[in-house]
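A closer look at the structure
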Amino acid sequence: MDEKPEGHIDGIHKEDQGKPLEVEEMHSLNISKDDVNKLEEGNKEDKDDKHVEQGDRMNKDGDLDSKAQEEVNETTREDLAEEEQEPVFDGTEVPGMQANRSSSTRSLDPDPEEEGSVWPEKAVALKNFVKEKGAAVTSVLRRLSLKRDGVEQANVDVDKDTSDSAKLGEQAAMSPRTAERSAWNPLNYIKVSRDTDSESKAEQGKNIIEESLLPIATKGRIILYTRLGCRDCREARLFLQRKRLRYVEINIDVYPSRKLEIEKVSGSCAVPKVFLNEVLIGGLSELKGLDESGKLDEKIDFFISEAPSPEAPLPPLPGEDDVSDNGPVDELAVIVQKMKATIVVKDRLYKMRRFTNCFLGSEAVDFLSEDQYLEREEAVEFGQKLASEHFFRHVLDENLFEDGDHLYRFLDHDPTVSSQCHNIPRGIIELKPKPIAEIASRLRFLSYAIFEAYASEDGRHVDYRSIHGSEEFARYLRIVQELQRVKVQDMPREEKLAFFINLYNMMAIHAILAWGHPAGPLERRKLFGDFKYVVGGCTYSLSSIQNGILRGNQRPPYNLMKPFGVKDKRSQVALPYPEPLIHFALVCGTRSGPALQCYSPGNIDKELMDAARDFLRAGGLIVDLSGKVAYASKILKWYSVDFGKNEVEVLKHASNYLEPTDSEALLEIIADAQLKVIYQPYDWRLNC
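These figures come from a predicted structure and were not determined experimentally. (Residues numbered from 1 in each chain as written. Predicted model: local features only at pLDDT ≥ 70, side-chain atom pairs only at ≥ 80, totals over all residues. Heavy atoms only, no water.)

A few points about the overall build of the protein
Quick note on the threshold: The helix count covers DSSP runs of H or I at least four residues long, the strand count covers runs of E at least two residues long, and both are numbered beginning at the N terminus. Type-normalised accessible area, obtained with a 1.4 Å probe on protein chains alone, sets the label of each residue: buried when under 20%, exposed when over 50%, and partly exposed for intermediate values. Note on contacts: a residue pair qualifies if any of its non-hydrogen atoms lie within 4.5 Å across the two residues.
Across its full length, the protein holds 28 helices and 13 strands. Residue burial in the protein is summarised as follows: out of 688 residues, 48% are buried. Across the protein, every contact between residues at least 6 apart in sequence was considered, and the portion connecting residues at least 24 apart equals 72%.

Some thoughts on the sheet that holds strand 2 (residues 248–251)
Short version of the rule: Here the rule is simple: two strands pair whenever DSSP picks up at least two bridges between them. The angle between two axes is taken between their N-to-C directions and runs from 0 to 180 degrees, where each axis is a line fitted to C-alpha atoms and a helix contributes only its stretch in contact.
The mixed open sheet is built from 4 strands, whose spatial order is 2-1-3-4. Either end of the sheet is taken by a strand with one partner, and the two such strands are strand 2 and strand 4 (279–282). Taking the axes of each pair of neighbouring strands and ignoring which way they run, one obtains an average angle of 25 degrees across the sheet. Inspection of the sheet shows strand 1 (residues 222–226) paired to strand 3 (residues 273–276) by 4 bridges, in the antiparallel sense. Bridge assignment links Tyr-225 to a residue of strand 3, and that residue is Lys-273.

Here we look at empty space enclosed by the protein
Note the following rule: Every definition here rests on a 1 Å grid over the protein atoms only: cavities are sets of points where a 1.4 Å probe fits but cannot get out, pockets are open sets enclosed by protein on both sides within 12 Å along at least five of seven lines, and lining residues have some atom within 4 Å of a point. Grid points are joined across faces, edges and corners, and a volume is the space filled by probe spheres set on the points. Amino acids outside the nonpolar list (Ala, Val, Leu, Ile, Met, Phe, Trp, Tyr, Cys, Pro) and the charged list (Asp, Glu, Lys, Arg) are all regarded as polar, and Gly is one of them. For the domain bounds, the source is a domain assignment made automatically or taken from a database.
According to the stated counting rule, one finds 7 cavities of 30 Å³ or more in the structure shown. One number sums up the size of the second largest cavity: a volume of about 190 Å³. Along its surface, the second largest cavity is lined by 16 residues, and Gln-546, Cys-588, Ile-635, Tyr-639 and Tyr-682 are the ones closest to its centre. Class assignment of the residues belonging to the lining of the second largest cavity gives a composition of 11 nonpolar, 4 polar and 1 charged. Taken together, domain 3 (436–607) and domain 4 (620–679) each give at least three residues to the lining of the second largest cavity, which thus spans both.

Remarks on a nonpolar patch on the surface
To be explicit about the condition: The patches reported here contain residues having more than 30% relative accessible area and no salt bridge. Joining distances are 9 Å for like charges and 5 Å for nonpolar side chains (Val, Leu, Ile, Met, Phe, Trp, Tyr). To measure how exposed things are, a 1.4 Å probe is used in the Shrake-Rupley method; for residues, cover is taken only from the protein chains shown. By salt bridge we mean one thing: a side-chain nitrogen of Lys or Arg within 4 Å of a carboxyl oxygen of Asp or Glu.
Taken together, the side chains of Ile-622, Tyr-631 and Ile-678 define a hydrophobic patch exposed on the protein surface, amounting to about 220 Å² of accessible area. Relative to the assigned elements, Ile-678 resides in strand 13 (residues 676–679).

So, helix 14 (residues 331–342)
Counted only if it meets this: For a helix, the expected span equals 1.5 Å multiplied by the number of residues minus one. Regarding the arc, it is the one traced by the directions from the helix axis to the C-beta atoms.
Between its first and last C-alpha, helix 14 extends 17 Å over 12 residues, near the 16 Å set by a 1.5 Å rise per residue. Among the residues of helix 14, those classed as buried are Leu-332, Ala-333, Ile-335, Val-336, Met-339 and Lys-340. Down the axis of helix 14, the buried side of the element spans an arc of 155 degrees, and every buried residue falls inside it. With respect to the buried face of helix 14, the exposed residues turned more than 90 degrees away are Glu-331 and Ala-341. Those residues of helix 14 that are buried lie in contact with strand 6 (353–360), helix 15 (361–371), helix 16 (376–388), strand 7 (392–394) and strand 8 (407–410).

So, the nonpolar core
Stated formally: Buried Ala, Val, Leu, Ile, Met, Phe, Trp, Tyr and Cys residues form a nonpolar core when they are joined through side-chain atoms within 4.5 Å.
Core analysis: the largest hydrophobic core is formed by 101 residues, its most contacted members being Tyr-476, Ile-501, Leu-503 and Leu-550. At 16 residues, helix 21 (residues 493–515) tops the list of elements feeding residues into this core. Ala-364, Phe-367, Leu-386 and Cys-421 belong to the second largest nonpolar core, which has 27 residues in total.

Focus: the sheet that holds strand 13
Pairing in this open sheet of 3 strands is mixed, and the strands run 11-12-13 from one edge to the other. Looking at the sheet topology across the chains shown, the edges are occupied by strand 11 (621–624) and strand 13. Mean inter-strand twist for the sheet, computed between neighbouring axes without regard to direction, equals 20 degrees.

Remarks on the packing of helix 14 against helix 15
The condition that has to hold: Small angles under 35 degrees read as roughly parallel and large ones over 145 as roughly antiparallel, with 65 to 115 read as roughly perpendicular and the rest as oblique. Two helices crossing with the near one rotated counterclockwise from the far one by less than a right angle form a left-handed crossing, whereas a clockwise rotation gives a right-handed crossing.
For the pair helix 14 and helix 15, the least separation of the axes is 11 Å and the interaxial angle reads 125 degrees. Taken together, the axes of helix 14 and helix 15 lie oblique to each other. The handedness of the crossing between helix 14 and helix 15 comes out as right-handed. When helix 14 is examined against helix 15, the residues Ile-335, Lys-338, Met-339 and Thr-342 are found in contact with a partner set consisting of Ala-364, Phe-367, Leu-368 and Asp-371. Of the residues belonging to the contact of helix 14 with helix 15, the class tally is 5 nonpolar, 1 polar and 2 charged.

Observations regarding helix 15
For helix 15, a buried count of 8 out of 11 residues is recorded, marking the element as mostly surrounded by other parts of the structure. Three or more residues of helix 15 are buried, namely Gly-361, Ser-362, Ala-364, Val-365, Phe-367, Leu-368, Ser-369 and Asp-371. Packed against the buried residues of helix 15 are helix 14, strand 6, helix 16 and strand 8. Just beyond helix 15, the residue with positive phi is Tyr-373, at close to 55 degrees.

Quick look at the side chain of His-517
Selection criterion: Each polar contact in these results corresponds to two N or O atoms within 3.5 Å; when the atoms are within protein, one needs to be able to donate a hydrogen and the other to accept it, and residues that are neighboring in sequence are counted only if both atoms are side-chain atoms.
Along the chain, the position of His-517 falls in the loop between helix 21 and helix 22 (521–530). Reaching out from His-517, the side chain makes a polar contact with the backbone oxygen of Trp-684 at a distance of 2.8 Å. Looking at His-517, its side chain comes within polar contact range of the main-chain nitrogen of Leu-686, at 3.3 Å.

Here's the deal with unusual backbone geometry
A cis amide bond links Val-271 with the next residue in sequence, Pro-272, at an omega value of 5 degrees. With a phi angle near 55 degrees, Asn-277 is a residue other than glycine that sits in the positive phi range. Relative to the elements of secondary structure, Asn-277 occurs in the loop between strand 3 and strand 4. On the accessibility criterion, Asn-277 (4% relative accessible area) is buried. Not every positive phi belongs to a glycine, and Asp-397 is a case in point at roughly 55 degrees. Within the secondary structure, Asp-397 sits in the loop between strand 7 and strand 8.

Given below as structure tokens:
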């Protein structure tokens, strides 16, 4: 536009018609809250203006009701937010992101004091500009100008969102934490299909799952018996998936009691074994033989319409073969439960600050003296033992436990624990804590079974929907509750590496299933920083595990502070120095991340080196010898301090895990100082 319309609407440039309006362009219009309000009021006052084209006149029936107005405001914010440029993010917002977001969340309520008579002309100029920008921008500004068709559409959207909100309300009733994030719901971003064609369609805005890729709807039930590390079992899974048959997998290593079941029916405990309802089909060779002869389709047709009989094998039952709830009751936990019901727990003031749900040390000493028949000094020692077992702690960590006016708080009463930690749903468990090595072993075994059953063979794709409804995941949730009061300070390096890597990967899956896949930087920040577990009496987020424990308490990218302070008890658990190869093992559910696999303490260093080779050779570092260009993953950029002091050292470090010929060529180019490094865009989409 050669001339500026009245009102100094600057920065408008002509572009190809049909392109969406970028956030930067909206800012360049200098459209403020007041301007939008004036536009609304100006259009209302100018409803009879001759300059307004036919069909664009304002609605004479009055203003929208409050519900419709809220819908217009909300849809406007969504349309503008869609055009935000997403900054690089690994748990930390890029400076300036919040400022950009604030522009799309402004109120659209009119300000009568700033209404002006010049706004009809501004509206006309802005409308003409919208025509040049295309239909996408027209729909946005139609809501702003409250045209007749915009009002009608708003009413339709209100009705639609009302029904949607009712569904969200049902989900919120099931999970209070999910209710706080009603705009970010579990499984919203998890796709059923992994087909590359459907993925490309999704990128083009066609979120349609082809009917041919969906599982066949059946009344019957398929039971697949497997075991860990079985090649034929893996092929049997793929065979059923290609046939679009939904099945329930029973791993006889996870459920050892089921060995007797298949041995009784088939005379052997060899796997795989496939049951269609109560009918034993056999193993992989029998499946393929029936398929080649055409008889399998006949059985499937009958199976589709026939419900399973009582003689058919049952899916895994809740708690089947699970030892998480087994073990002796902790006598100290029983005393603490009685202590909770006896002493006064309330909000109190301490050192000019208000602390919630706490009690006085003197009150605890009074209770222990009376309940355990102890002298006051002995009661203090007993209280110190309870505190050392992580039942409660000082609100400011000033001491372990003392008599007097010091304030203490039970572990499950801590605000962070009660609101952000997801492995303490029913308070402190009363079983005596098991050794961390035993819990880590069971966690590793179960993770291996989950990855083998619900992840692709290369570990790049995860079937989140199947994990969500599996008994294996329910058992995992019971296992992580045992971490509340374990001792983790004295774990050897190898055990600590394997334990926290496996815990991180399963915790990320849990976070995605509980909160949904994060759609943008702010949601990623919440997922990395606000989804936590209680481990050994302390709270750990995904970020604190990665940067605090495994990186030796190093600052995360784009952060100025270390995860753990000097007096933080978690710093005693942190590794003494960063482990750079953990970046090729930690999987946070993104497509540009490494492959998902399980790690063992006895072979952790070799497994990490293999993970680095797999990641870098599969596209994490691509060397163009002719152009002398290296295309590197942004993981090498974000965590470059772990690999070397500068970019050259980082590339030299990474070259150790490339193919020998590629490594030699890369080192030669680096030596000639002719290498150009380009960092690949990071794909934050879900690895489903």
